[in-house]
Amino acid sequence: MIRLLAIILLISYISANAADLMLPGGGNTKADNITLEADEMFAPDNITYEATGNVVIMKDNATLTADKVVYDRATGVFDASGNVRLREVNNFFDCSRLLYNFAEEKGTFIDVKGFVEPYHYLEAEKFERTGEVNFLIEKGRFTTCPGEAPDWSFTASRATMDIGHYIKSTNTTGWIKSVPVLYTPYLVYPIKKDRESGFLIPKLGSNSTRGSMLGLKYFRDINVDKDATIGTNIYTSGNVHYLGEFRYAKDMNENLYMYGEFMNDSKSESDKETRYLFYQDSNFKIGDNTEVYIEADYVSDYRYLRDIADTEMVDNYDNPDNKFYADLRLIHRTDYADFGIRFKNDMQFTDVDNGYKKTEVNRLPNIFVRKNLRQGFLGFNYTADFDHVLYREKIVYPAINGADSTVEDEYERMHLTGEIYTPINLKIATFKPYAQILATRWDNIDEAPNVHRSHGSTVAQINADENSIDRLTYKVGYEIALNEIYRKYEKFSHSIYNTFRYEQIPELDHSAIPERIEGDYIEGTKSYTYFLKNYFDAEKWNLDASLEQTYDAMLSESRLRPIIAKINYNYDQKTGMYLRHDYDHSDANTSLLNQRFYIKKGPVTFSEEYLYEDLDYTEETENTSLEFSIALEFKKFEFAFETKTSGKNQSISLDNLRTISNSFYGTYKSGCWHMGLSLTQKEYNPIDDKGDYSGREQIIYFVIGLQGLGTFKSPLSSTRSSDRVDNFY
């Protein structure tokens, strides 16, 4: 069959009557850009043109293919039937019949199945195209899952679609396969490649003290480098939890991030009903050489993270020690000095019997000058800090009236350091000697009369009078790093590193000096350290093994500090092992053992970590922990179980461990969605008039992720037991 190439209205008829080819509306000659290919084509009259067999019509970025097309010159409408497809770049619509006007970009699609990028599949009894990106949909279905029976979808009696924006539908039903699971009279469904302002997926949940919860969030796309999110969690108890987030990323070196939560909590288990969290991590320039840093992680009360952290929190937030801070710094940089002023508050909550302790160190302000300078082979760095310090320690007993106590101390602190160093290339090694002098003065401090004068030498001493303390000390030392010894073998390479270090700091009596700011306490030492590292590297595995031994001549008894041995091994991302063993020569026992291991075999991954610290080397009340997890990963399903234990032992042992938490996760995966449940059972430490005891908390999370819509995670229930629990499995 002979294939004809023609230009509609230009070859068959247009060449002689081009002036008559104006489309309805007058003055628009877009039809001049339309081309057509077909096996056969004829014009029975001057009004109708008919093409049959492998018909292809092209205009700009649109291509229409069909078995048959009839063009009505009077209306400008193409009537396509038989295997009809309209493709526009990456979007396409298949239908049994299409009545389409290319000039107006309007038309009617019958029995439609289509695809809209990036991953949206649609079908309907009828589409009405009313504009370039605008459609009316009758009896439609939409999803991000391909196939005749999608894993999930929404159906609607009527909807509007704006490509690149949203589908807005009425009388909408959500389906999993052929099972209806959700009905809503109105739904807004995003079909866009770029982020836009709009409501995020709602969150549903339950809390044992505040009741059921509905979480709503609105995302505002302010600009390409700015966005904000506001939201609320509404509880059936009447509590409303307000949330807000703002992000501004100007460039790689300047950004602004703020996050906040607020609740007037009538169900508070704390001693405060007005509860909040504020988190900030920002830095920006206010001149060529002047920068502002704002960092904060602050809460209203000692129970905030325990009570509310599982509801809403900054991504990947972790604060196991209940330590908080607020830090504002202004720094102006010059060639020889960086000048700054800083306001900082460090705060920590700790439990005591029947209550809690709140400790705060305020530096209001901290004024500093510092710089690290290098001139040729010589390096010099210095710091000068002035602090107005306000220390406050408050013990609160919520259930005992009049039992609270507060200790305050306010003083000034001046701290100066200067260090000179120079790395020297010895051809076979690098030699780096250094010397540092440190001078500190505390004024108007209550502990001054209790300070014992201490003289290590003329440049190492502590002196005190009625309300001030002076300390002068130094650090001297050197490091010798031998050049790498490298050997390449047939199947692996081997590198050896040897490093020797010496450091001397005179021993002074710090017994009455406040230990509240870094640099307040300086431990004396006269130590010699040898560090040996062996590194093996092969195509599928690597091994890092090291030993570190320190001899401290200043120690009165055993001068050998614990020898530190480390091994880190990885094989083909399927097996890994880490081991650290600190062995104390004086006691002939282990001061620290940390061991981690994981193995992946087929669908199974197992991991385990054990940590033991001798009680002489840790300030924690519990010195032993064991964690392990096992995960199963299949094509459609994932399962994982994780448990954490902790306890106190006099030596390496698995005894006396109680379970801190158990977690189970189960997930079903598909190409366009996933759904899962997680159950977490963990230790819960309420504090009331009965004292300090352990209970347990159980949280069930439901997670569902729909491609294109995001992931929805919500606590289905949160329950607490007030019974004493020593262990639970």
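Structure: above.
Structure report, in brief. (Residues numbered from 1 in each chain as written. Predicted model: local features only at pLDDT ≥ 70, side-chain atom pairs only at ≥ 80, totals over all residues. Heavy atoms only, no water.)

Below, the discussion takes up the overall build of the protein. The secondary structure content of the protein amounts to one helix and 47 strands. The long-range fraction of contacts in the protein, counting pairs at least 24 apart against all pairs at least 6 apart in sequence, stands at 46%. Of the accessible surface of the protein, which amounts to about 38900 Å², a share of 53% is contributed by carbon and sulfur atoms. (Helix = DSSP H or I, 4+ residues; strand = E, 2+ residues; numbered from the N terminus. Contact = heavy atoms within 4.5 Å. Areas by Shrake-Rupley, 256 points an atom, 1.4 Å probe, with all protein chains shown as cover.)

Right, let's get into the environment of Asn649. Of note, Asn649 is situated in the loop between β41 (637–647) and β42 (657–669). Expressed as a C-alpha distance, the spacing of Asn649 and Glu622, which sit 27 residues apart in the sequence, is 7.9 Å. Beyond its immediate stretch of four places on either side in the chain, Asn649 contacts Tyr612, Leu615, Asn623, Thr624, Asp655, Asn656 and Leu657. Within the local environment of Asn649, its side chain forms a polar contact with the backbone oxygen of Asp655, the two atoms lying 2.9 Å apart. (Polar contact = N/O pair within 3.5 Å; in protein donor to acceptor, adjacent residues only side chain to side chain.)

Bringing the side chain of Ser646 into the picture now. Looking at the element boundaries, Ser646 is found in strand β41. A polar contact is formed between the side chain of Ser646 and the side chain of Glu622, at a distance of 2.6 Å. Sequence-distant contacts of Ser646, that is, excluding residues within four places in its chain, are made with Glu622, Thr624, Ser625, Asn656, Leu657, Arg658 and Ile660.

Before going further, it helps to spend a moment on the nonpolar core. In a soluble, globular protein the nonpolar side chains are often hidden away together inside. Grouped together as the largest cluster of nonpolar side chains are 46 residues, with contacts concentrated most on Ile57, Phe93, Leu98, Phe102, Phe109, Phe127 and Met161. Ignoring sequence-local partners within four residues, the contact set of Phe93 consists of Val84, Arg85, Leu86, Phe109, Val112, Lys113, Gly114, Val116, Phe127, Phe135, Met161 and Ile163. Counting 20 residues, the second-largest nonpolar core is a separate cluster that includes Tyr257, Tyr298, Val299 and Ile308. (Core = buried A, V, L, I, M, F, W, Y, C linked by side-chain atoms within 4.5 Å. Buried < 20%, exposed > 50% of the residue type's maximum accessible area, 1.4 Å probe, protein only.)

So, about the packing of aromatic side chains. One pass over the structure, following the stated rule, counts 33 aromatic pairs. Judged by centre distance (5.4 Å) and plane angle (55 degrees), the rings of Tyr668 and Trp673 are tilted. The exposure class assigned to Tyr668 is partly exposed, which follows from its relative accessible area of 22%. Within the aromatic cluster, the residues linked to one another by ring pairs are Tyr49, Tyr71, Phe78, Phe93, Tyr100, Phe102, Phe109, Phe127 and Phe135. The ring of Trp175 has Arg141 sitting right over it, with the charged end atom 5.9 Å from the ring centre. If you follow Arg516 out to its NZ or CZ, it ends over the ring of Tyr391, 3.9 Å from the centre. (Phe/Tyr/Trp six-rings, centres within 6.5 Å; stacked < 30°, edge-to-face > 60°. Lys NZ or Arg CZ within 6 Å of the ring centre and 35° of its normal.)

The next subject is the state of the cysteines. A complete count under the given rule lists one disulfide for this structure. Paired by a disulfide, Cys145 and Cys672 hold their sulfur atoms 1.7 Å apart. Between Cys145 and Cys672 the sulfur-sulfur dihedral comes to about 90 degrees; the bridge is accordingly right-handed. Residue Cys145 is found in the loop between β10 (134–143) and β11 (152–162), and its partner Cys672 is found in the loop between β42 and β43 (673–684); the two are separated by 527 residues along the sequence. Cys145 sits in the buried class, given a relative accessible area of 2%. (Disulfide = S-S within 2.5 Å.)

Before going further, it helps to examine unusual backbone geometry. Residue Pro118 follows Glu117 across a cis peptide bond; omega there is 10 degrees. Here Pro118 lies in the loop between β8 (106–116) and β9 (120–129). Note the cis peptide between Leu364 and Pro365, where omega equals -5 degrees. Its location among the elements puts Pro365 in strand β24 (residues 355–375). Despite not being glycine, Asn54 shows a phi value in the positive range, around 50 degrees. Secondary-structure assignment places Asn54 in strand β4 (residues 48–59).

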